[in-house]
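# Remarks on the overall topology
Chain by chain, the residues run as shown.
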Amino acid sequence: MTSLTDLTITEALAKMRTGEISSVELTQAHIDQIEKYEPQVKAFLTVTAESALQQAQAADDMRADGGDAPLLGIPLAIKDVLSTQGVETTAGSKILKGYVPLFDATCVARLKEAGMVMVGKLNMDEFAMGSSTENSGYFTTHNPWDLDRVPGGSSGGSGAAVAAHMALGTLGTDTGGSIRLPGAFCGVAAVKPSYGRVSRYGLLAYGSSLDQPGPLAHTVEDTARILQVMAGKDPLDATSMPVEVPDYVAGLTGDVKGLKIGVPQEFFVSGMQPEVEQAVQAALKWFEDQGAELVEVHLPHTEYALSAYYIIATSEASANLARYDGIRFGARVDGSDVIETYKLTRGQGFGDEVKRRIMLGTYALSAGYYDAWYGKAQQVRALIKQDYDKAFEQVDVMIAPTSPTTAFKIGQNTSDPMQMYLADILTIGANLAGVCGISVPCGVDDAGLPIGLQIFGPAFGEDVMFRAAHAYEQATDWHTRKAALIS
Ligand code: GLN
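The structure presented is a predicted model; accordingly, all values stated were derived computationally and were not measured. (Residues numbered from 1 in each chain as written. Predicted model: local features only at pLDDT ≥ 70, side-chain atom pairs only at ≥ 80, totals over all residues. Heavy atoms only, no water.)

### Topic: the environment of Ile-358
We apply this condition: What counts as a helix is a DSSP run of H or I of at least four residues, what counts as a strand is a run of E of at least two, and both are numbered from the N terminus. Partly exposed residues are those whose accessible area sits between 20% and 50% of the maximum for their type, while under 20% is buried and over 50% is exposed, using a 1.4 Å probe and protein chains only. Contacts between residues were defined by any pair of non-hydrogen atoms, one from each residue, lying within 4.5 Å.
Mapped onto the elements, Ile-358 comes out in helix H11 (residues 352-365). We classify Ile-358 as buried; its relative accessible area is 12%. Distance from Ile-358 to Gly-335, taken between C-alpha atoms, is 22 Å for residues 23 residues apart in sequence. When sequence neighbours within four positions are dropped, the list of residues in contact with Ile-358 reads Ser-318, Leu-321, Arg-346 and Phe-350.

Structure (C-alpha cells):
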C-alpha cells in the first residue's frame, strides 16, 4: 500500500469516503512526517499536532454520522501571514511574536468549514518580503530537493512542506510571485488566483492591491479543490469580486485541442538557465502536438514591471506596516515615553529588508516625490495591465517559465537585494495586471532540481488555466517525482 503521505487530496478523500482510511490515521502520518523531516527542512513556525488530531477525530465522527464536506479530514498547513483564531500568527516577523488572532482569515474559515485539519503555520519571509525565506525573522527554510538551497519565497514553508509531504496541501500568498516561485523551486503545483478571486480579509497586508492567497499541492486537481472552497465574494473584503466560481474539477477535461496559447516573447529573457528554457520549450511542443495553437504575443512594458512593482509594493507596505507599533498586539519594547516605545519596538521588531522597504515606500509617497515615483509607477502599471488585456484578446492562456533559474543556494543572493528581486521577474506582471497564474513542474535541471512551467489565465479565468495545467500534468510524470530528502 502506498504510504499515507504519498496520497493526493483526491485519493485521500476517496479512501476516507470508502472507510479504507481515517482522517486520524492520515493526520498522524503527516505529523510523523513533520517530526521526521522538520529538523532539516524547518518549514513550520508552529506545529498544531494536538488540535489537528482533535479536528481529525471530529472529521471521522462527522463521516461516521453520514456527513461529508469538500475537504473533510484533509491535513493542510497555512502560511503564517494568514490569521488563525487561537493560533499564533507572526507573518514571519519578530514584531508579531506572541500575537494570537481572535478570528480566522476568511480563506482559513472557509477551509475549516470545508473540513480541513490544520497541522500548522508555515515559515515565510518577514511580511512576505522576499524570494527565499532568508528574510524570515526566525530561520531559513531548506529546500527538500537540496538542503543547501532555498525553497523560494516568500511562501517558502508552504512549498517545502508539500515537497516534504508534511501536508497534503498548503496556503501561501502571492504579491509578486510568492506562491508560484516556491512552487517552481519545490516542484509542486502552486496557484496565484486573479486579484479579487479570494478574500484578503485576515491576511496581514503587504501590498493590498497585489496580495492574493492561494493553494499549493501535489497536483493541479488538488489545488483546484482547495481554491474551490476559498474563492468567491466575501462581504468583509470590498475588493473580493462577486464573480461566479465555476466547478474547477469538473472543468479538468484533459483536452487542450484548439486552445490558443500565447508565448510572451519578453519572458524568454537572456540569462535564463538553459535547462529551464529547454524544459519550457518541450512543454510548449507538447501542447502543440495535442492540437493547441501557439501564438507569439508581446507584453512590451515587461521591462518596466520590476521597477513599478517595487515602488507600488513598498508604498503600500509603508502604509500597511504603520500599524505595528507594539501598543495593541505583538511584541513591545518599552521606552521612557510612547515615542521611544514606538522607535524601540519598530527598530528591534522589524528586520533589515522590511525597514528598507518601509523607507523606499515612504520616500515614494512623500510630498514632492509622489508624482515622480508613485504616480508614475501607477501609470506604468496601467500600461502593463493593457499589455495583458490585449494579449488575452488573442489567446486563452499564456505560457512562460516561472523563474529564470532553479532554486539558488542559501546565502547566494543575500548580499545583493537587486539580484534577489530579479527572481520575480517573470511572476510580478501577473500581480500588476491582476490575472491568474499557476506553476507546475516541467522538468529537472542538471543538478536534479525542479523547473516550473507558468501558465497564466485571464482575470477570473482560473478554469481554463487549470484545464491547461492539468492536461499537461496528466501527460507527464514530473509531479510524481519526489524530493531527494524523502525519496
Ligand atoms: N519577492 C517579491 C517581494 O519581495 C514578491 C513577494 C511576494 O509575492 N510576497 O516583494
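### Topic: the site of the ligand
The criterion, for reference: Near residues are defined by distance, with any heavy atom within 4 Å of the molecule or strand qualifying the residue. Polar contact is the term for a pair of N or O atoms within 3.5 Å; when the atoms are in protein, one must be able to donate a hydrogen and the other to accept it, and sequence-neighboring residues count only if both atoms are side-chain atoms. Each accessible area is a Shrake-Rupley result for a 1.4 Å probe, and residues are judged covered by the shown protein chains and nothing else. Charged residues are taken to be Asp, Glu, Lys and Arg, nonpolar residues to be Ala, Val, Leu, Ile, Met, Phe, Trp, Tyr, Cys and Pro, and polar residues to be all remaining types, Gly included.
Neighbouring the ligand are 15 residues, the closest being Gly-176, Ser-178, Tyr-206, Tyr-309 and Asp-424. Here Thr-175 contributes a backbone N or O atom positioned 2.8 Å from an oxygen atom of the ligand. Within the side chain of Tyr-309, one N or O atom sits 2.7 Å away from an oxygen atom of the ligand. Computed on the free molecule, the ligand has an accessible area of 300 Å², of which 100% lies beneath the protein chains in the complex. Among the residues making up the shell around the ligand, the classes are represented as five nonpolar, seven polar and three charged.

### Things to note about the environment of Val-81
You can see Val-81 is positioned in the loop between strand E2 (75-79) and helix H4 (106-113). Along the sequence, Val-81 and Asp-255 sit 174 residues apart, while their C-alpha atoms lie 36 Å from each other.

### Quick word on the packing of helix H9 (residues 305-320) against helix H12 (residues 371-394)
Formally: Each axis is a line fitted through C-alpha atoms, taken for helices only over the stretch in contact, and angles between the N-to-C directions span 0 to 180 degrees. With respect to orientation, any angle under 35 degrees is reported as roughly parallel, any angle over 145 as roughly antiparallel, any angle of 65 to 115 as roughly perpendicular, and every other angle as oblique. If you view the pair so one helix is near and one far, a crossing is left-handed when the near helix is turned anticlockwise from the far one by less than a right angle, and right-handed when it is turned clockwise.
For the pair H9 and H12, the least separation of the axes is 9 Å and the interaxial angle reads 125°. Looking at the two axes, H9 sits oblique to H12. Between H9 and H12 lies a crossing whose hand is left-handed. Each of Ala-305, Ala-308, Ile-311, Ile-312, Ser-315 and Glu-316 in H9 lies in contact with H12, whose residues at this interface are Trp-373, Tyr-374, Ala-377, Gln-378, Val-380, Arg-381 and Ile-384. A class-by-class count of the residues in the contact of H9 with H12 yields nine nonpolar, two polar and two charged.

### Some details on the sheet that holds strand E5 (residues 189-192)
What counts is decided by this rule: Two strands are said to pair when DSSP picks up at least two bridges between them.
The sheet built from eleven strands is open, its strands ordered E1-E3-E2-E4-E6-E5-E10-E11-E9-E7-E8 with mixed pairing. Looking at the sheet topology across the chains shown, the edges are occupied by strand E1 (44-47) and strand E8 (293-297). Strand-to-strand twist across the sheet, computed as the mean angle between neighbouring axes with direction ignored, equals 30°. In terms of strand pairing, E5 meets strand E10 (residues 436-444) through three bridges, oriented antiparallel. The residue bridging Val-191 from the neighbouring strand is Ile-438, located in E10.

### Remarks on empty space enclosed by the protein
As a reminder, the rule being used: A pocket here means an open set of points on a 1 Å grid, computed over the protein atoms alone, that has protein on both sides within 12 Å along at least five of seven lines. A cavity is instead a set of points where a 1.4 Å probe fits but cannot get out; residues with an atom within 4 Å of a point line either one. Grid points are joined across faces, edges and corners, and a volume is the space filled by probe spheres set on the points.
For the structure shown, the criterion picks out four cavities of 30 Å³ or more. Volume-wise, the largest cavity comes out at about 60 Å³. Along the walls of the largest cavity sit Ala-128, Met-129, Gly-130, Ser-131, Thr-175, Gly-176, Ser-178, Tyr-206, Tyr-309, Tyr-310, Arg-357 and Asp-424, which together make up its complete lining.

### Considering the pairing of strand E4 (residues 169-174)
Counting buried residues in E4 gives six out of six residues, a clear majority hidden from the surface. Here E4 shows a buried face lined by Gly-169, Leu-171 and Thr-173 and a second buried face lined by Thr-170, Gly-172 and Asp-174. Across six bridges, E4 lies against strand E6 (residues 212-217) in antiparallel orientation. Counterpart to Leu-171 in the pairing with E6 is Pro-215.

### What to know about the state of the cysteines
So the rule is basically this: Cysteine sulfur atoms that pair up within 2.5 Å are treated as a disulfide.
The final tally for this structure, using the stated rule, is zero disulfides. Not engaged in a disulfide, the cysteine Cys-107 finds its nearest cysteine sulfur in Cys-436; these two sulfurs lie 17 Å apart. On the basis of relative accessibility, which here comes to 1%, the residue Cys-107 falls in the buried class. What makes Cys-436 buried here is its relative accessible area of 0%.

### Here we look at unusual backbone geometry
Residue Ser-154 is reached from Gly-153 by a cis peptide bond, and omega for that bond is 5°. If you trace the backbone, Ser-154 turns up in the loop between strand E3 (117-122) and helix H5 (156-163). In the Ramachandran plot, Thr-133 falls in the positive-phi region, its phi being about 70° despite a non-glycine side chain. With respect to the helices and strands, Thr-133 occurs in the loop between E3 and H5. On the accessibility criterion, Thr-133 (0% relative accessible area) is buried. At Phe-460, a position not held by glycine, the phi torsion is positive, near 65°. Tracing the backbone shows Phe-460 in the loop between strand E11 (450-457) and helix H15 (462-475).

### Let's talk about the packing of aromatic side chains
Put simply, the rule reads: Any Phe, Tyr or Trp ring, taking Trp's six-membered ring, that has another such ring centre within 6.5 Å forms a pair; planes under 30 degrees apart are called stacked, those over 60 apart edge-to-face, and the others tilted.
The full count for this structure, using the stated rule, is 17 aromatic pairs. Ring geometry for Phe-287 against Tyr-472: centres 5.9 Å apart, planes inclined by 20°, an arrangement best described as stacked. Taken together, the positions of Phe-287 in helix H8 (residues 274-289) and Tyr-472 in helix H15 put the pair 185 residues apart, joining distant regions of the chain. Assigned by exposure class, Phe-287 and Tyr-472 land together as buried. Every member of this aromatic cluster is reached through a ring pair, and the members are Tyr-99, Phe-127, Tyr-324, Phe-329 and Phe-350.

### Notes on the confidence of the model for the chain
What counts, and what does not: On a scale of 0 to 100, pLDDT captures the predictor's confidence in every residue.
Confidence in the prediction for the chain averages 97 pLDDT; 100% of positions are at 70 or higher. Within the chain, the lowest mean pLDDT, 82, falls on helix H13 (residues 417-421), and the highest, 99, falls on E2.

### Describing H9
Where we set the bar: A helix is expected to span 1.5 Å for every residue after the first.
Between its terminal C-alpha atoms H9 stretches 22 Å, which fits the 22 Å expected from 16 residues at 1.5 Å a residue. Burial runs high along H9: 14 of the 16 residues are buried.

### Concerning the packing of H9 against H11
One can describe the packing of H9 onto H11 by two numbers: an axis separation of 7 Å at closest approach and a directional angle of 100°. Judged by the angle between their axes, H9 and H11 are roughly perpendicular. Touching Tyr-310, Ile-311, Thr-314, Ser-315 and Ser-318 of H9 are Arg-357, Ile-358, Leu-360, Gly-361, Thr-362, Ala-364 and Leu-365, all from H11. Of the residues that constitute the contact of H9 with H11, the class distribution is six nonpolar, five polar and one charged.

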